[in-house]
Amino acid sequence: MDIEPGVRERLELIERRYEELNRLLADPEVATDYHLVKEYGQEQAELEPLVQKIHLYQQAEGELAEARSLLEEELDPEMRAFVQEEIARLEEEGTKLIEEIHLMLLPKDPRDERNVIMEIRAGAGGDEAALFAADLYRMYTKYAESQSWPTELLSVNEIGVGGFKEVILKITGRGAFSRLKYESGVHRVQRVPITESSGRIHTSTATVAVLPEAEEVEVQIDPSDLRIDVFGASGPGGQHMQKNATAVRITHKPSGIVVACQSERSQFRNRERAMDVLRARLYAMKEEKRQREEDARRRSQIGAGERSEKIRTYNFPQNRVTDHRINLSVYNLPDVLEGALDPFIKELIAADQRRQLEELAA
């Protein structure tokens with residue numbers, strides 16, 4: 001149950017900083033400065049759970065050393081057995097505390113508590129890919145419903161067979177990004193299309209991008225950088241909206257990003273929603289740039305939608321869904337498409353934590 005030397009040094013620094021914060025908050029001069037009290041108090045509150053866990057580990061470590069020293073003495077068989085049981089219990093407790101401490105040391109993604117802007121696009125496969133994009137849209141709305149997260153349709157580009165070339169939705173809920181961020185990538189479906197008379201299995205794809213919602217203060221957009229076009233909407237309700245030209249297309253000239261929204265009958269609401277999507281995309285670009293500068297490697301959210309690319313495969317003939325990143329397969333495809341995503345999300349979170357723990361230990 002030993003902690004790695006590098007991690008132990010880090011814990012000692014955290015303890016010293018926590019003690020320093022206690023001294024600072026007790027300083028009469030600091031007490032008169034509201035901003036310092038708030039800053040130090042917030043930092044202390046963030047460190048306190050970890051420091052408490054460190055103290056529990058230190059206590060278990062001390063008790064374990066004491067119990068082991070008892071084995072060096074002359075003990076009757078019953079007492080020796082009791083001490084050995086106590087050592088086993090303390091070792092198990094210490095190992096569990098180390099795991100908890102490691103997890104608490106992992107850097108927190110500041111975006112995790114945010115709402116989500118999710119973009120789903122048909123990839124390779126024509127109409128079948130568009131139908132699959134619609135299936136994914138329904139799957140994510142069902143998952144959001146299971147988490148009591150409201151969803152809002154921001155934009156949709158439908159095709160006649162009931163599929164989507166593109167659909168953009170907003171999912172509102174604390175921690176939504178922390179759980180859905182792993183869904184970004186190429187999703188592949190293998191099934192017999194309803195239009196396939198010979199019963200041949202087709203492979204199609206759809207891409208999913210999960211963006212954290214951005215606040216206006218985080219992404220400053222110069223109005224002069226925008227070209228805003230208003231046009232008549234198409235699709236369900238389109239005839240009504242055509243007369244009033246309520247659909248909005250916003251082009252961000254510096255980045256070339258184009259966002260169109262036509263899901264509302266109000267031009268103002270469509271513009272508001274399009275700006276939400278634009279901010280999320282610009283924020284994602286800003287974060288990607290920052291990450292490239294930090295670790296010198298680019299992490300792209302989605303691929304090109306080729307059949308050979310995939311993070312997950314939905315195989316209808318085998319009733320199987322496989323996540324290729326964690327090599328996890330489940331054989332309840334209908335349930336997954338009804339929003340039963342937790343087995344994948346939980347294992348993806350655990351795999352990400354394991355990766356970070358390996359980096360921490362290194």
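All figures in this text were calculated on a predicted structure; none of them were measured in a lab. (Residues numbered from 1 in each chain as written. Predicted model: local features only at pLDDT ≥ 70, side-chain atom pairs only at ≥ 80, totals over all residues. Heavy atoms only, no water.)

*Asks:* Would you mind going over the sheet that holds strand β7 (residues 247–252) with me for this structure?
*Replies:* Two strands in a sheet stick together by hydrogen bonds in their backbones, pointing the same way (parallel) or opposite ways (antiparallel). Spatially, β6-β7-β8 is the arrangement adopted by the three strands of the open sheet, whose pairing is antiparallel. Single-partner strands in this sheet number two, and they are β6 (226–231) and β8 (257–261). For this sheet the average axis-to-axis angle between neighbouring strands, irrespective of direction, equals 15°. Pairing of β7 with β8 involves five bridges; the strand directions are antiparallel. (Pairing = 2+ DSSP bridges. Helix = DSSP H or I, 4+ residues; strand = E, 2+ residues; numbered from the N terminus. Axes fitted to C-alpha atoms, helices over the stretch in contact; angles between N-to-C directions.)

*Asks:* Can you help me understand the pairing of strand β9 (residues 312–315) in this one?
*Replies:* Each regular strand displays side chains that alternate between the two surfaces of the sheet. Of the two faces of β9, the one lined by Arg-312 and Tyr-314 and the one lined by Thr-313 and Asn-315 are each fully buried. Of the strand pairs in this sheet, strand β4 (residues 185–191) and β9 are connected by four bridges, and their pairing is parallel. Its bridge partner lying in β9, Val-189 is registered against Tyr-314. Pairing geometry for β9 and strand β10 (residues 320–323), over four bridges, is antiparallel. Across the sheet, residue Tyr-314 finds its bridge partner in β10, namely Val-321. Turn length for the β9-β10 hairpin, with the two strands adjacent in sequence and antiparallel, is four residues, and the turn residue Asn-319 shows positive phi of about 55°. (Buried < 20%, exposed > 50% of the residue type's maximum accessible area, 1.4 Å probe, protein only.)

*Asks:* Would you mind showing me how to read the pattern of salt bridges here?
*Replies:* Working definition: two side chains of opposite charge can pair if their charged atoms are close together. The tally for this structure, following the rule as stated, stands at 29 salt bridges. Residues Arg-281 and Glu-119 are paired through a salt bridge, measuring 2.6 Å at the closest nitrogen-oxygen approach. Separated by 162 residues along the polypeptide, Arg-281 in helix α8 (residues 267–295) and Glu-119 in strand β1 (residues 116–122) bring together distant segments of the chain. For the pair formed by Arg-281 and Glu-119, the shared burial category is buried. The partner of Arg-269 in a salt bridge is Glu-272, and the shortest N-O contact between them spans 2.4 Å. Of this pair, Arg-269 and Glu-272 both sit in helix α8, three residues apart, which is roughly one turn of that helix. By relative accessible area, Arg-269 is classed as partly exposed at 28%. By sharing partners, the salt bridges in this structure join Asp-109, Arg-111, Asp-112 and Lys-181 into a single network. (Salt bridge = Lys/Arg side-chain N within 4 Å of Asp/Glu carboxyl O.)

*Asks:* Help me out: how do you make sense of unusual backbone geometry in this one?
*Replies:* We note that Ser-148 has phi near 60°; this positive angle belongs to a residue other than glycine. With respect to the helices and strands, the residue Ser-148 is situated in the loop between α5 (126–146) and β2 (151–158). Phi at Asn-319 takes a positive value of approximately 55°, unusual for a residue other than glycine. Tracing the backbone shows Asn-319 in the loop between β9 and β10.

*Asks:* Looking at this model, I keep getting lost on the sheet that holds strand β11 (residues 328–330). Mind explaining?
*Replies:* Across the sheet, eight strands lie side by side as β2-β3-β1-β5-β4-β9-β10-β11; this open sheet has mixed pairing. Pairing within the sheet leaves two strands with one partner each, and these edge strands are β2 and β11. The average angle at which neighbouring strand axes cross in this sheet is 15°, direction not considered. The sheet contact formed by β1 and strand β3 (residues 164–171) spans six bridges and is antiparallel. Looking at the pairing, Met-118 lines up with Leu-169 of β3. Docked against the sheet, α5 engages β1, β2, β3, β4, β5 (202–212) and β9, running at close to 115° with respect to β4. (Contact = heavy atoms within 4.5 Å.)

*Asks:* I keep staring at the packing of helix α1 (residues 5–26) against helix α4 (residues 77–105) and nothing clicks. Help me out?
*Replies:* The geometry of a pair of packed helices is captured by two quantities: the angle between their axes and the separation between those axes. Axis separation between α1 and α4 bottoms out at 12 Å; the angle between their running directions is 70°. The angle between α1 and α4 places the two elements in the roughly perpendicular class. The chirality of how α1 crosses α4 is left-handed. For the pair α1 and α4, contact is made by Val-7, Arg-10, Leu-11 and Ile-14 and by Ile-101, His-102 and Leu-105, respectively. Here the residues of the contact of α1 with α4 are counted per class, giving five nonpolar, one polar and one charged. (Parallel < 35°, antiparallel > 145°, perpendicular 65-115°, else oblique. Left-handed = near helix turned anticlockwise from the far one by under 90°. Nonpolar A, V, L, I, M, F, W, Y, C, P; charged D, E, K, R; others polar.)

*Asks:* Explain the packing of aromatic side chains to me, please; I cannot follow it from the model alone.
*Replies:* The relative placement of two aromatic rings is captured by the distance of their centres and the angle of their planes. Tallied over the entire structure, the rule returns three aromatic pairs. With 6.0 Å between their ring centres and 80° between their planes, Tyr-143 and Trp-149 make a pair best called edge-to-face. We note that Tyr-143, like Trp-149, is buried. Here Arg-249 stacks its cationic end above the ring of Phe-231, 4.4 Å away from the centre of that ring. A cation over a ring is seen here: Arg-312 above Phe-344, with NZ or CZ 4.8 Å from the ring centre. (Phe/Tyr/Trp six-rings, centres within 6.5 Å; stacked < 30°, edge-to-face > 60°. Lys NZ or Arg CZ within 6 Å of the ring centre and 35° of its normal.)

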